[in-house]
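Chain residues, written in single-letter form:
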Amino acid sequence: MRKAKMSENMTFSKEDLERKVTLSAGDKAPEFWAKNADEVSINLSDFRGRTVILYFYPKDMTPGCTTEACEFSELYDDFRALNAVVIGVSPDSSEKHVQFGKKYGLKHILLSDEDHEISKAYGVWQVKKNYGKEYLGIVRTTFLIDKNGNIIKVFKSVKAAGHAAKVLENLS
C-alpha cells in the first residue's frame with residue numbers, strides 16, 4: 001500500500017501555527033469525552049478523586065509510542081497503588097487501539113482522539129517538521145492531573161524511553 005506524499009505547499013490555519021502547550025501547574029485541566037478501545041465513552045470527570053496521568057502520543061504501533069505505552073503498562077500496578085489512572089491519547093481509531101493493546105498486553109486506558117479536539121484543547125496538536133516536511137501531529141506531552149481536576153505538572157516534548165518511570169517518581 002502506498003502512502004500519500006505530504007504536500008510541500010501544505011497550508012495551516014493561523015490557529016494551527018500558533019497552537020502550543022500553554023497549560024501549566026495550577027490550571028484546571030480541560031474536560032474531555034472520548035471513546036476507549038472498547039467504544040465506551042470516557043470523561044476526565046469520571047476519575048475525580050484519583051490522580052490522572054494523561055499522556056499524548058502520535059501513533060500506535062510505532063517504535064517510540066510502543067516503548068512509552070509498554071513502560072506505562074509495566075508500571076501500571078505502581079500507579080494504581082498511588083490511586084492513579086494512566087490514560088494514553090492518540091489520533092488512532094478505537095479499533096487500532098484494540099490491536100495495539102492486545103499485541104503488547106497493555107493494561108491502561110487508550111483513548112481515540114480522531115477529531116483532534118482533546119489534543120487541541122491541551123495544546124499538543126501542532127505543526128511538526130520532519131525531513132523538511134511540515135505536517136500536523138501530536139507533540140508527545142504528559143499532564144499530571146490531581147484528584148480535583150487541576151494540573152500538577154506538565155512534561156513537554158518528552159522522550160519515550162524512561163518517561164513512565166519519571167512520571168512515577170513525580171507521584172511518589
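Predicted model, so just to flag it, every value in this text is computed and none were measured.

Criteria and cut-off values
Residues numbered from 1 in each chain as written. Predicted model: local features only at pLDDT ≥ 70, side-chain atom pairs only at ≥ 80, totals over all residues. Heavy atoms only, no water. Buried < 20%, exposed > 50% of the residue type's maximum accessible area, 1.4 Å probe, protein only. Helix = DSSP H or I, 4+ residues; strand = E, 2+ residues; numbered from the N terminus. Core = buried A, V, L, I, M, F, W, Y, C linked by side-chain atoms within 4.5 Å. Contact = heavy atoms within 4.5 Å. Pairing = 2+ DSSP bridges. Right-handed = clockwise from strand over helix to strand, strands pointing away. Patch = residues over 30% accessible without salt bridge, like charges linked within 9 Å, V, L, I, M, F, W, Y side chains within 5 Å. Areas by Shrake-Rupley, 256 points an atom, 1.4 Å probe, with all protein chains shown as cover. Salt bridge = Lys/Arg side-chain N within 4 Å of Asp/Glu carboxyl O. Lys, Arg positive; Asp, Glu negative; His and termini not counted. Charge placed at Lys NZ, Arg CZ, Asp CG, Glu CD. Axes fitted to C-alpha atoms, helices over the stretch in contact; angles between N-to-C directions. Parallel < 35°, antiparallel > 145°, perpendicular 65-115°, else oblique. Polar contact = N/O pair within 3.5 Å; in protein donor to acceptor, adjacent residues only side chain to side chain.

Description of unusual backbone geometry
Okay, step 1: Its identity as a non-glycine residue notwithstanding, Glu 39 has a phi of 70 degrees, on the positive side.
Okay, step 2: In this structure Glu 39 comes out as partly exposed when scored by relative accessible area, which is 39%.
Okay, step 3: Despite not being glycine, Met 61 has its phi angle at roughly 70 degrees, a positive value.
Okay, step 4: Within the secondary structure, Met 61 is located in the loop between strand 3 (51-56) and helix 2 (63-74).
Okay, step 5: Judged by its relative accessible area of 29%, Met 61 falls in the partly exposed class.

Points about the nonpolar core
Okay, step 1: One finds Val 52, Leu 54, Phe 56, Ile 87, Tyr 122, Phe 143 and Ile 145 to be the most contacted residues of the largest nonpolar core, which totals 24 residues.
Okay, step 2: Put simply, the parts of the chain that give this core at least two residues each are strand 3, strand 4 (84-90), strand 8 (141-145) and strand 9 (151-155).
Okay, step 3: If sequence neighbours within four positions are ignored, Phe 56 has contacts with Val 89, Ile 118, Ser 119, Tyr 122, Val 124, Ile 138, Arg 140, Thr 141 and Phe 143.
Okay, step 4: With 20 residues, the next largest nonpolar core counts Phe 72, Leu 75, Ala 84 and Leu 144 among its residues.

A closer look at the pairing of strand 4
Okay, step 1: Where burial is concerned, most of strand 4 is hidden: 7 out of the 7 residues are buried.
Okay, step 2: Every second residue of strand 4 is oriented toward a common face, with Ala 84, Val 86, Gly 88 and Ser 90 on one face and Val 85, Ile 87 and Val 89 on the other, all of them buried.
Okay, step 3: Bridge count for strand 3 against strand 4 is 6 bridges, and the pairing is parallel. Across the sheet, Ile 53 pairs through a bridge with Val 86, a residue of strand 4.
Okay, step 4: Alignment of strand 4 against strand 5 (residues 109-112), held across 4 bridges, turns out to be parallel. Bridge pairing links Val 89 to Leu 111 in strand 5.
Okay, step 5: Regarding the hand of the β-α-β motif, the stretch spanning strand 4, helix 4 (residues 94-104) and strand 5 is right-handed.

Digging into a negative patch on the surface
Okay, step 1: A contiguous patch of negative charge, built from Glu 95, Glu 114, Asp 115 and Glu 117, is present on the exposed surface.
Okay, step 2: Within the secondary structure, Asp 115 is located in the loop between strand 5 and helix 5 (117-121).

Examining the packing of helix 2 against helix 6 (residues 163-171)
Okay, step 1: Two elements in contact, helix 2 and helix 6, have axes separated by 8 Å at closest approach and are oriented at 40 degrees. By the angle class used here, helix 2 and helix 6 are oblique. Residue-level inspection shows Glu 68, Glu 71 and Phe 72 of helix 2 in contact with helix 6, the latter providing His 163, Ala 164 and Val 167.

Some thoughts on the environment of Ser 112
Okay, step 1: By the element assignment, Ser 112 lies in strand 5.
Okay, step 2: In the structure, Ser 112 is positioned 71 residues away from Ser 41 in sequence and 10.0 Å away in space, judged by C-alpha atoms.
Okay, step 3: Residues in contact with Ser 112, not counting those within four places in the same chain, are Ala 34, Lys 35, Ser 90, Asp 92, Ser 93, Ser 94 and His 97.
Okay, step 4: Polar contacts involving the side chain of Ser 112 include one to the main-chain carbonyl oxygen of Asp 92, which spans 2.6 Å.

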